[in-house]
Amino acid sequence: MKKLLVILFVLSSVYAHAQKELAFPFQGGAPIMTRFFKDSLVVGQDIIAKKASGTAVLKFTADVNGVVQKIVIYYADDYLITLPAIDALKKSTKKWIIPDKEKFHDFIIPFSISYNAPATGVAEVQKAAYEFYKRRKPIVARDQIPLNDATLLPTVSVSYNLK
């Protein structure tokens, strides 16, 4: 019985040690990452003019210093949606924490960009949004996402006001 208790204690201490190594990969945690991207992601006038909305799923590599490298678009509703996401991702360099004993680590981060519904002129906005939807050109990666070697991050949702 004592041996069983000792084995359980050792296993629980190993499990607790493993939990220490797997902290959230952005300095400050998930809420800080979400706030950083909401502040850093600048929706351009071309997106606002077209009433564009959609999703972009990006994969990037961070090195031991947290420098962002090799940004790959795995899915995007339109190339226009990826531009502010890529710019914000480049601004996040030196903020990433990779797991111990790795020189590089891959992360997958989804971005969702949408507009806030206006109080007036809803029909015109719906028409413009539908026109964007009809003319969009989705980007789909042909190769598989390496899920066993990448960390999936929470979705960053950004809404913009129509002017």
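Nothing here was measured: the structure is a model prediction, and the numbers come from that model.

Visitor: Is there a simple way to think about the packing of helix H2 (residues 30–40) against helix H4 (residues 79–91) in this case?
Guide: To characterise two packed helices, one gives the angle between the axes of the helices and the distance between these axes. In contact at an axis separation of 9 Å, H2 and H4 are set at 125° when each is read in the N-to-C sense. With respect to H4, the axis of H2 lies oblique. The chirality of how H2 crosses H4 is right-handed. Residues Phe36, Phe37 and Ser40 of H2 lie in contact with H4, whose contacting residues are Ala88, Leu89 and Lys91.

Visitor: Looking at this structure, I do not really get the packing of aromatic side chains. What am I missing?
Guide: Each aromatic ring pair is characterised by the separation of its centres together with the angle its planes make. This model, assessed by the stated rule, comprises 10 aromatic pairs. Look at Phe26 and Phe36: their rings are 5.6 Å apart centre to centre, the planes differ by 45°, and that puts the pair in the tilted class. Taken as a pair, Phe26 in the loop between helix H1 (2–21) and H2 and Phe36 in helix H2 lie far apart in primary sequence, 10 residues in all. Taking the relative accessible area as the measure of exposure, Phe36 reaches 17% and is therefore buried. The structure contains a cluster of three or more aromatic residues connected by ring pairs, namely Phe26, Phe36, Phe37, Phe60, Trp96, Phe107 and Phe111.

Calculation rules
- Residues numbered from 1 in each chain as written.
- Predicted model: local features only at pLDDT ≥ 70, side-chain atom pairs only at ≥ 80, totals over all residues.
- Heavy atoms only, no water.
- Axes fitted to C-alpha atoms, helices over the stretch in contact; angles between N-to-C directions.
- Helix = DSSP H or I, 4+ residues; strand = E, 2+ residues; numbered from the N terminus.
- Parallel < 35°, antiparallel > 145°, perpendicular 65-115°, else oblique.
- Left-handed = near helix turned anticlockwise from the far one by under 90°.
- Contact = heavy atoms within 4.5 Å.
- Phe/Tyr/Trp six-rings, centres within 6.5 Å; stacked < 30°, edge-to-face > 60°.
- Buried < 20%, exposed > 50% of the residue type's maximum accessible area, 1.4 Å probe, protein only.

Honestly, it's all geometry; don't read function into it.
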